[in-house]
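Read off the chains here:
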Amino acid sequence: MATTIQSPETESKKPRLDNGNSGGGGLRNLGPTNGSLKLLEDFSPEPSRTGVWVGLAAITMSFAAFTSALIVRQSTANDWHHLTIPSIVFFNTVVLLASSITLEIARRRVAEFARGRTANRSTPLAWLSATLLLGFVFVTGQYIAWQQLRAEGLYLASNPNSSFFYVLTAIHVLHVLGGLAGLMRVIYILRRPVLSLRRSTMDATSYYWHFMGVLWIYVLLVIWIKL
Amino acid sequence: MSDRVVQAVPTTADVVHHHQPPQGFIRKYVFSLDHKMIGKQYYALALVAVFIGMVLSWLMRIHLVWPNWPIPGLGLLSKVGAPGGVMTPEYYLSLLTMHGTLMVFFVLTNAPFAAFGNYFLPIQIGAEDMAFPRFNMMSFWTTFLAFCILIAAFFVGDGPPIAGWTSYAPLSAVGADAGPGQGFGQTLWGLSIFVFCIASLLGALNFIATTLDLRTRGMTLSRMPICTWAWFITSCIALLAFAVLLPACLLLILDRVAGTSFFIPAGLVISDRLQPHSGGSPLLWQHLFWFFGHPEVYIAILPAIGIVSHILINSMRRPLLSHKVVIYCMMGIGFLSYMVWGHHMFVSGMNPFSSLMFSFPTLVITIPATIMTLIWLGSLYGSRLRITAASLFALGFISMFVSGGVSGFFLAQPSIDIYLHATYFVVGHFHMVMGVAAIFGVFAGTYFWFPKMTGHMMNESLGKLHFWLTFIGTYCIFMPFHYLGLAGNVRRYSAFVDDFLVPLIPVHRFITIAALCTGAAQLIFLYNLIHSRFRGAPAPDNPWECTSLEWIMPSPPPFDNFGGKHVVVYHDPYQYGVKSSTGDYLMQNSPEQVEVRT
């Protein structure tokens with residue numbers, strides 16, 4: 001604003017300056033001639049939304065590494081003993097998928113509340129709490145599944161199949177616990193008297209949570225087919 | 001005729017928000033959320049690590065050529081490993097392992113990427129901090145924890161592990177039977193790297209989100225300085241590479257402490273004891289490790305490439321022949337880095353056809369590397385280069401990168417690698433192209449950015465002296481390694497037990513003396529660093545007449561970088577060789593329109 005204003009001189013009417021052979025080496029002068037920056041603005045999403053996708057990429061890569069380890073290990077194995085998946089695992093699957101549905105409903109209710117369409121804060125909170133509860137039921141269910149395996153005499157080191165079962169499910173549960181922490185944070189923020197929950201926080205948490213469901217389906221398929 | 005038209009647009013947009021700087025000592029210097037302080041913390045940690053790593057290399061070099069000389073004080077560090085100051089062969093391997101691990105993880109990953117990246121990436125894109133400052137703080141302190149765990153290995157049980165920085169299974173997985181240090185020491189190694197992976201993942205996530213989301217108005221991707229691009233590409237590589245090392249370390253730790261058999265085969269007898277494991281695959285560890293390990297090489301070198309390009313452009317006062325092609329080359333290297341891990345495993349017993357499949361992309365990597373080198377050289381040709389300590393180290397980087405890279409052509413061919421793999425040739429190759437080259441990048445960055453980071457200039461004469469001693473010294477150390485390798489000198493031996501190696505001892509002696517001298521020359525750097533920090537001449541805002549955003553702010557930058565304002569960017573990053581009101585360059589945030597001087 002403090003910059004001197006001068007009337008544009010004839011040079012400014014020249015076409016965009018370019019020395020013709022720069023290959024884009026920083027010589028092009030892309031400064032907007034009319035001062036408008038609209039064209040130059042990048043689309044910048046909220047960091048938390050980008051962050052969660054980047055984090056999910058890393059998690060995907062980790063599970064890809066576990067999978068390839070499993071495939072290599074199986075190919076050299078003479079000690080591969082197929083294990084029967086504990087029955088409660090299927091119940092857990094249903095619970096985790098149901099939690100994705102409740103979370104999606106919660107997300108829409110939160111959006112309605114945030115837009116001021118409804119002053120009812122308890123409905124989104126109830127759906128979020130339901131999701132949280134289902135998440136904890138899933139974690140408990142996985143713990144029971146490990147107990148069932150132990151009852152069969154299958155421990156972490158018993159054979160490669162049980163090793164991979166425990167490792168894959170435990171790492172998945174660890175990530176689910178991270179998601180539960182995120183959900184608790186959302187609930188905590190939503191309970192504040194003044195609404196300070198950002199949409200991106202809600203979205204990032206729900207993307208992460210839905211991904212936990214997708215990841216679980218993948219882990220279950222790997223266990224089912226391979227172990 | 002006027003060259004410029006000043007326009008009625010603001011240089012800074014509306015005031016966004018203003019942060020109060022932290023007051024307490026703890027918040028300001030220890031658990032700081034400020035990316036600049038975290039960058040400095042990373043730099044300090046790398047300095048400590050590089051000092052320890054260098055001392056370890058001295059101990060190894062001294063032992064190699066004067067094996068019976070009791071090194072004063074070494075006996076205190078380990079009574080078992082170095083009774084009376086003379087190290088055992090196993091302790092030599094321990095020092096080798098710790099040297100490699102410290103240097104690769106805590107120096108080459110931390111200094112060029114985490115330290116400079118943390119400090120300058122947000123500033124160069126006009127952000128006031130990283131996207132997730134708390135993650136940033138956590139990632140430094142997690143790295144510090146990993147460092148402490150690793151150093152603790154010196155003081156537990158029978159010392160540090162002996163498995164090398166690559167920790168090949170099954171010897172790294174079976175426990176104490178595999179030798180001294182393979183008990184608790186090796187477990188600490190696994191734990192340390194596991195924790196380091198978490199820290200690096202947090203860091204990489206932060207870098208990516210910051211670059212994508214926090215760029216200021218007008219800072220399009222193509223307007224980012226070349227080093228910002230390098231840090232961004234590096235963080236993409238690090239994200240996927242460390243995400244693979246993390247599971248690998250977990251499986252290794254489980255093999256060691258929980259009795260699983262991921263990497264330990266059946267019927268393995270070590271130290272006359274049948275190991276209670278079955279069916280594991282030692283090659284699996286190598287696959288997982290090198291899937292991380294090769295990209296790790298580029299995690300070390302790409303930031304240095306970016307820093308060096310940035311400095312060279314500034315010193316030449318003109319842009320590179322092609323800014324974009326260098327960025328595309330870095331992307332290409334990053335992409336190819338995931339396809340070549342098998343070239344570390346030519347002698348592992350892998351299928352020879354696989355070797356061929358890994359050899360081809362390895363040779364392809366030389367194409368983008370060569371293109372970059374040619375662009376540097378072509379841009380340098382005919383330029384009136386400003387000779388500073390920073391630009392000298394940048395030139396030194398190119399020299400090291402080429403000298404070390406050329407031997408890569410040979411090693412990429414399985415048939416030649418079979419002969420050279422376990423020799424000093426490989427040691428010379430990776431020390432030059434990955435170790436010394438990246439360190440030269442760090443030195444260049446230090447001389448270049450020190451005024452901005454501290455508000456004081458470094459002593460240029462001492463800097464140039466430091467450059468020449470280091471440049472000549474490193475060539476004296478690492479060039480003969482290639483000769484030793486061709487002569488068949490195997491790696492990792494602590495003594496010359498075979499007759500045919502005895503004639504090579506004078507070469508080793510020369511290398512050891514060169515290493516001691518080059519190490520001593522680093523004291524000049526250390527003195528320059530510390531003395532300039534307190535007594536150096538005050539630095540102006542833009543001592544190098546550089547165009548990127550870090551130079552529009554005071555030296556050192558205020559806590560909130562741009563004073564709570566958004567900078568507006570109007571230009572590509574390197575507007576040199578122009579006629580503007582400031583001279584032959586134009587700052588990125590300057591609204592001036594200038595004609596290009598041809």
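The rules behind these values
Residues numbered from 1 in each chain as written. Chains lettered and ligands numbered in written order. Predicted model: local features only at pLDDT ≥ 70, side-chain atom pairs only at ≥ 80, totals over all residues. Helix = DSSP H or I, 4+ residues; strand = E, 2+ residues; numbered from the N terminus. Buried ≥ 20, exposed ≤ 12 C-beta atoms within 10 Å, placed from the backbone. Contact = placed C-beta atoms within 7 Å. Rg over C-alpha atoms; globule rule 2.2 N^0.38 Å. Domains from an automatic or database assignment. Nonpolar A, V, L, I, M, F, W, Y, C, P; charged D, E, K, R; others polar. Core = buried A, V, L, I, M, F, W, Y, C linked by C-beta atoms within 7 Å. Axes fitted to C-alpha atoms, helices over the stretch in contact; angles between N-to-C directions. Parallel < 35°, antiparallel > 145°, perpendicular 65-115°, else oblique. Left-handed = near helix turned anticlockwise from the far one by under 90°. pLDDT = per-residue confidence, 0-100. Expected span 1.5 Å × (residues − 1). Pairing = 2+ DSSP bridges.

## Description of the overall build of chain A
Thinking step 1. Summing up its helical and strand segments, chain A has five helices and zero strands in all.
Thinking step 2. Counting from the amino terminus, helix and strand elements in chain A follow one another as α-α-α-α-α.
Thinking step 3. Counting across all 227 residues of chain A, residues that qualify as buried make up 34%.
Thinking step 4. Counted over contacts in chain A with a minimum sequence separation of 6, partners at least 24 positions apart contribute 78%.

## As for the overall build of chain B
Thinking step 1. Helix and strand counts for chain B come out as 15 helices and six strands.
Thinking step 2. Scaling as 2.2 N^0.38, a compact globule of 598 residues should have a C-alpha radius of gyration of about 25 Å, and chain B matches this with 25 Å.
Thinking step 3. Dimensions of chain B, computed from C-alpha atoms along their principal axes, come out at roughly 85 × 50 × 45 Å.
Thinking step 4. Of all 598 residues assigned to chain B, the portion counted as buried reaches 57%.
Thinking step 5. Taking contacts inside chain B between residues at least 6 apart in sequence as the whole, the part at least 24 apart equals 79%.

## Looking at the environment of Lys565 of chain B
Residue and element names in this part refer to chain B.
Thinking step 1. Note on placement: Lys565 falls in strand β4 (residues 565-567).
Thinking step 2. Among the residues examined, Lys565 registers 20 C-beta atoms within 10 Å and is labelled buried.
Thinking step 3. Each C-alpha atom, one on Lys565 and one on Gly126, is 9.3 Å from the other, the two residues being 439 residues apart in sequence.

## Considering the domain arrangement of chain B
Residue and element names in this part refer to chain B.
Thinking step 1. According to the domain assignment, chain B contains domain 1 (1-31 + 537-598) and domain 2 (33-261 + 279-519).
Thinking step 2. Its C-alpha centre places domain 1 at a distance of 33 Å from the equivalent point of domain 2.
Thinking step 3. Across the contact, 30 residues belong to domain 1 and 30 residues belong to domain 2.
Thinking step 4. Residue assignment for the side of domain 1 that touches domain 2 shows that the elements contributing at least two residues are β4 and β5 (575-580).
Thinking step 5. Split by residue class, the side of domain 1 that touches domain 2 holds 21 nonpolar, five polar and four charged.

## Quick look at the nonpolar core
All names here are of chain B.
Thinking step 1. In this structure, Leu239, Phe393, Ala437 and Ala444 are the most contacted members of the largest nonpolar core, which totals 234 residues.
Thinking step 2. The element contributing the most residues to this core is helix α7 (residues 226-257), with 24 residues.
Thinking step 3. The two domains that each donate at least three residues to this core are domain 1 (1-31 + 537-598) and domain 2 (33-261 + 279-519).

## Some words on the packing of helix α1 (residues 47-75) of chain A against α7 of chain B
Thinking step 1. Two numbers describe how α1 of chain A lies on α7 of chain B: the axes approach to 8 Å, and their chain directions differ by 45°. Judged on the interaxial angle alone, α7 of chain B and α1 of chain A are oblique. Between α1 of chain A and α7 of chain B the crossing geometry is right-handed. The segment α1 of chain A lies against α7 of chain B, with Val54, Ala57, Ala58, Met61, Ser62, Ala65, Phe66 and Ala69 of chain A engaging Leu239, Leu240, Ala243, Val244, Leu246, Pro247, Ala248 and Leu251 of chain B.

## Quick word on the environment of Ala539 of chain B
Residues and elements named next belong to chain B.
Thinking step 1. Following the sequence through the fold, Ala539 ends up in the loop between α15 (505-535) and β4.
Thinking step 2. Distance in space between the C-alpha atoms of Ala539 and Phe450 is 9.2 Å, their sequence separation being 89 residues.
Thinking step 3. Look past the residues within four positions of Ala539 in its chain and what remains in contact with it is Pro451, Gly455, His456, Met457 and Ser555.

## Some points on the confidence of the model for chain B
All names here are of chain B.
Thinking step 1. With 96% of its residues at a pLDDT of 70 or more, chain B has an overall mean of 91.
Thinking step 2. pLDDT under 50 marks residues 1-18. Its contacts with residues more than four places away, or in other chains, come to 50 contacts.
Thinking step 3. Model confidence for the complex: the whole-complex pTM is 0.91, and ipTM, which rates the interface, is 0.91.

## As for helix α10 (residues 352-380) of chain B
Residue and element names in this part refer to chain B.
Thinking step 1. Taking 1.5 Å of rise per residue, the 29 residues of α10 would be expected to cover 42 Å, and the 42 Å separating its terminal C-alpha atoms lies within 8% of that figure.
Thinking step 2. Within the span of α10, buried status applies to Ser355, Phe358, Ser359, Thr362, Ile365, Pro368, Ala369, Met372, Ile375, Trp376 and Ser379.
Thinking step 3. Taken together, the buried residues of α10 touch α8 (282-316), α9 (323-336), α11 (389-411) and α12 (414-420).
Thinking step 4. Within two residues after α10, Gly382 carries a phi angle of roughly 80°, on the positive side.

## As for the packing of helix α3 (residues 122-151) of chain A against helix α4 (residues 160-190) of chain A
Residues and elements named next belong to chain A.
Thinking step 1. Look at α3 against α4: their axes get within 10 Å of each other, and the N-to-C directions meet at 160°. Put simply, α3 runs roughly antiparallel to α4. Two packed elements cross with a definite hand, and for α3 against α4 that hand is left-handed.

## With respect to the pairing of strand β6 (residues 583-586) of chain B
Regular strands show a simple pattern: their side chains alternate between the two faces of the sheet.
Residue and element names in this part refer to chain B.
Thinking step 1. Where β5 and β6 come together, three bridges link them in antiparallel fashion. Pairing of Tyr576 across the sheet is with Tyr585, part of β6.
Thinking step 2. Between β5 and the antiparallel strand that follows it, β6, lie two residues.

## Looking at unusual backbone geometry
Residue and element names in this part refer to chain B.
Thinking step 1. Residue Pro170 follows Ala169 across a cis peptide bond; omega there is 5°.
Thinking step 2. Within the element layout of this structure, Pro170 appears in the loop between α5 (133-152) and α6 (184-213).
Thinking step 3. Look at the link from Ser555 to Pro556: it is a cis peptide, with omega at -10°.
Thinking step 4. Here Pro556 shows up in the loop between α15 and β4.
Thinking step 5. In this structure, Ser167 is a non-glycine residue whose phi angle is positive, near 45°.
Thinking step 6. The exposure class of Ser167 is buried, given the 24 C-beta atoms found within 10 Å.

## Remarks on the environment of Leu501 of chain B
Residues and elements named next belong to chain B.
Thinking step 1. Mapped onto the fold, Leu501 is located in the loop between α14 (460-486) and α15.
Thinking step 2. Since 17 C-beta atoms lie within 10 Å of it, Leu501 is described here as partly exposed.
Thinking step 3. Distance from Leu501 to His344, taken between C-alpha atoms, is 25 Å for residues 157 residues apart in sequence.
Thinking step 4. Among residues more than four places away in sequence, those in contact with Leu501 are Asn489 and Phe496.

## With respect to α14 of chain B
Thinking step 1. Between its terminal C-alpha atoms α14 of chain B stretches 39 Å, which fits the 39 Å expected from 27 residues at 1.5 Å a residue.
Thinking step 2. Two residues or fewer past α14 of chain B, Gly488 of chain B is found with a positive phi of approximately 95°.

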